[in-house]
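# Working through the structure, step by step
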Amino acid sequence: MSEMHLMGAAMRAGELPQFIDWLAADHRDLEIQDPIYPGFLDGDWQKVAKECRALLESSGYRGRVGIHAVFDGVDLSTHDVRIRAAITERLRESLAFGAEFGATHAVIHSPFLWFGSPLVYFAPEISRAYVRDGVHAVLEPLLPLAESLNQTFVIETIADANPRALVELVKSFDSPRVRLSIDTGHVFIMERTGGAPPDQWVLDADDLLGHIHFQDNDAHADRHWGIGDGRINWRAFFKALHATGASPRMILELLDVNDILPSMRYLTEQGLAR
């Protein structure tokens, strides 16, 4: 393999002091996830954002930083105009939070959660189009703001099995402000139903791939275990990643942040990432 990818991590703002030295030493990718927690955007999020900015600036950190936008109750494909307006506003607030400390990516969740299967890729086309239209109605009003803030929406795999529908959705925006995100654990679970394995998702995403959530699991549930604690074929995954030449955000998203450094040791010892 060529030069190993540099890994970063996701965490809450309150956990950032624990990892700031590790992050800043090599300017690793960082994702602050506070907006996903209920009530956060209704509280003093400006204070939290300023604290993040101060810590990043004082450490000399110059890496790629982003956020996980709100997702609880968020169906990007909704066609209910009042609910759609509420979702757009919540996403606008998420972007505003990230803008306070220079975030340049915002994770949102795939809308393809129903009537799909590995063999029937969210067919017929009229079903996929219905979802795409809903997502465009939610996100398009936000794209000028994302552009002005230098932020990119990355749409994360959730219950997706066949890559085609999500790849089509990202392509349909024809915008550098919308890219695809792979959650390795999510797609590994869907492989049990006949879905594409994690490495195939990388190959199918190709240059649309902007972000990866790294987690391991047993394909039974969404464990978010440390890397090496589950059954994902990491060598195949990184081989595919190198084959595409992509440079996505590389984010360890683990249930326990104390698994971040052990996961890094595993990946380094395996010669896969650093």
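What comes next concerns the included structure.

What counts and what doesn't
- Residues numbered from 1 in each chain as written.
- Predicted model: local features only at pLDDT ≥ 70, side-chain atom pairs only at ≥ 80, totals over all residues.
- Heavy atoms only, no water.
- Helix = DSSP H or I, 4+ residues; strand = E, 2+ residues; numbered from the N terminus.
- Phe/Tyr/Trp six-rings, centres within 6.5 Å; stacked < 30°, edge-to-face > 60°.
- Buried < 20%, exposed > 50% of the residue type's maximum accessible area, 1.4 Å probe, protein only.
- Lys NZ or Arg CZ within 6 Å of the ring centre and 35° of its normal.
- Axes fitted to C-alpha atoms, helices over the stretch in contact; angles between N-to-C directions.
- Parallel < 35°, antiparallel > 145°, perpendicular 65-115°, else oblique.
- Left-handed = near helix turned anticlockwise from the far one by under 90°.
- Contact = heavy atoms within 4.5 Å.
- Nonpolar A, V, L, I, M, F, W, Y, C, P; charged D, E, K, R; others polar.

If you check the backbone angles, Asp 174 has positive phi at about 50 degrees while not being a glycine. Mapping Asp 174 onto the fold places it in the loop between α6 (163–173) and β6 (178–183). In this model, His 224 sits at a positive phi of 55 degrees, which is unusual for a non-glycine residue. With respect to the secondary-structure elements, His 224 resides in the loop between β7 (209–214) and α9 (234–244).

A word on the packing of aromatic side chains. By the definition in use, this model includes nine aromatic pairs. Geometrically, the ring pair formed by Trp 234 and Phe 237 is edge-to-face, given 5.9 Å between the ring centres and 75 degrees between the ring planes. In this pair, Trp 234 and Phe 237 are both assigned in helix α9, three residues apart and thus about one turn of the helix distant. When its relative accessible area of 3% is taken as the criterion, Trp 234 is described as buried. Measuring from centroid to centroid gives 6.0 Å for Phe 237 and Phe 238, while their planes differ by 80 degrees, and the two rings are edge-to-face. The burial state of Phe 237 is the same as that of Phe 238; both residues are buried. Ring pairs connect the aromatic residues Phe 40, Trp 45, Phe 97 and Phe 101, which therefore count as one cluster. Its guanidinium or amino end placed over the ring of Tyr 37, Arg 12 lies 3.7 Å from that ring's centre, counting from NZ or CZ.

Two elements in contact, helix α3 (residues 81–99) and helix α4 (residues 125–139), have axes separated by 9 Å at closest approach and are oriented at 50 degrees. Judged by the inter-axis angle, α3 sits oblique to α4. In the crossing of α3 with α4, the sense of the turn from one axis to the other is right-handed. Touching Arg 84, Ile 87, Thr 88 and Leu 91 of α3 are Gly 134, Ala 137, Val 138 and Leu 139, all from α4. Along the lines of polarity and charge, the residues of the contact of α3 with α4 split into five nonpolar, two polar and one charged.

Note that all results are geometric; they support no functional claim without further evidence.
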